[in-house]
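Fold and geometry: a report
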Amino acid sequence: AQSVAQPEDQVNVAEGNPLTVKCTYSVSGNPYLFWYVQYPNRGLQFLLKYITGDNLVKGSYGFEAEFNKSQTSFHLKKPSALVSDSALYFCAVRDDGSSASKIIFGSGTRLSIRP
Amino acid sequence: DAGVIQSPRHEVTEMGQEVTLRCKPISGHNSLFWYRQTMMRGLELLIYFNNNVPIDDSGMPEDRFSAKMPNASFSTLKIQPSEPRDSAVYFCASTGLPRGLAGKETQYFGPGTRLLVL
């Protein structure tokens, strides 16, 4: 069975500093990995995904994520944080060996960027 | 494209009443998902459909919840009777295979329905 873990409920970063939001996963086949962001009172918005290819994936709003197969991780990163990046971030995984279409979401990490 | 459309955006009802939430997926998408989000439990998958057929409803909390997808452009989630603990934000999401990229899917979420059961 597939699963995903976000070990941090909250991450606090000063504006202009680099940020990392952690995610680890477990699948039986090859993973499809996703990051979503949720702003207050809004639905989840797709940020980026890894299917295959380069381990460093670039997405929206300057975010990127690094796929690490040996550590089964897919951490979200940004070189310089903005106050407007403050939101709830979800990591998600789908097992490509599964015939099911469903994606499993992590519990979410609240990112807070202070001016 | 208008994206995933959900209605109503807000619903306030009294305990025991029937509640119906509606979703229109993105045109051409063949999978539809219903989620519930609360502070206590986070984001929970309730049920999902492939080609209008329910595939996995193991997340539906109890018999009071039911979902239908009569055609590719419409789905409903019904709660009857509603209870205060059903208060949450309910999201609908859809996916579809991009042309030439079989197996590569991204879920697109609607804005959600905020339900309050008094």
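Keep in mind that what you see is a predicted model, and the values were worked out from it rather than measured.

The interface is formed by 19 residues belonging to chain A together with 20 residues belonging to chain B. When chain A packs against chain B, close to 1700 Å² is buried across both sides, 51% of that on carbon and sulfur atoms. Here chain A is connected to chain B by zero salt bridges. Scanning the region where chain A abuts chain B turns up three residue pairs in polar contact (both at pLDDT 80 or more). For the side of chain A that touches chain B, the secondary-structure elements that each account for two or more residues are strand S5 (31-38), strand S6 (44-50) and strand S10 (87-95) of chain A. No other element matches the four residues that S5(A) contributes to the side of chain A that touches chain B.

All names here are of chain B. Applying the stated criterion to the full structure yields 11 salt bridges over all chains. Measuring nitrogen to oxygen at the nearest pair gives 3.8 Å for the salt bridge that ties Lys78 to Glu18. Highlighted residues: Lys78 in strand S8 (residues 74-79) and Glu18 in the loop between strand S2 (10-13) and strand S3 (19-24), separated in sequence by 60 residues. The exposure class of Lys78 is partly exposed, given its relative accessible area of 30%. Notably, a salt bridge pairs Arg85 with Glu62, separated by 3.2 Å at the nearest N-O pair. Placement of Arg85 in the loop between S8 and strand S9 (88-95) and of Glu62 in the loop between strand S6 (53-56) and strand S7 (65-71) is noted, with a sequence separation of 23 residues between them. Arg85 sits in the exposed class, given a relative accessible area of 55%. Residue class for Glu62 comes out partly exposed when judged on its relative accessible area of 26%. A single network of salt bridges, built from pairs that share partners, joins Glu62, Arg64, Glu83, Arg85 and Asp86.

Conventions used here
- Residues numbered from 1 in each chain as written.
- Chains lettered and ligands numbered in written order.
- Predicted model: local features only at pLDDT ≥ 70, side-chain atom pairs only at ≥ 80, totals over all residues.
- Heavy atoms only, no water.
- Contact = heavy atoms within 4.5 Å.
- Buried area = accessible area lost by both parts, 1.4 Å probe.
- Salt bridge = Lys/Arg side-chain N within 4 Å of Asp/Glu carboxyl O.
- Polar contact = N/O pair within 3.5 Å; in protein donor to acceptor, adjacent residues only side chain to side chain.
- Helix = DSSP H or I, 4+ residues; strand = E, 2+ residues; numbered from the N terminus.
- Buried < 20%, exposed > 50% of the residue type's maximum accessible area, 1.4 Å probe, protein only.

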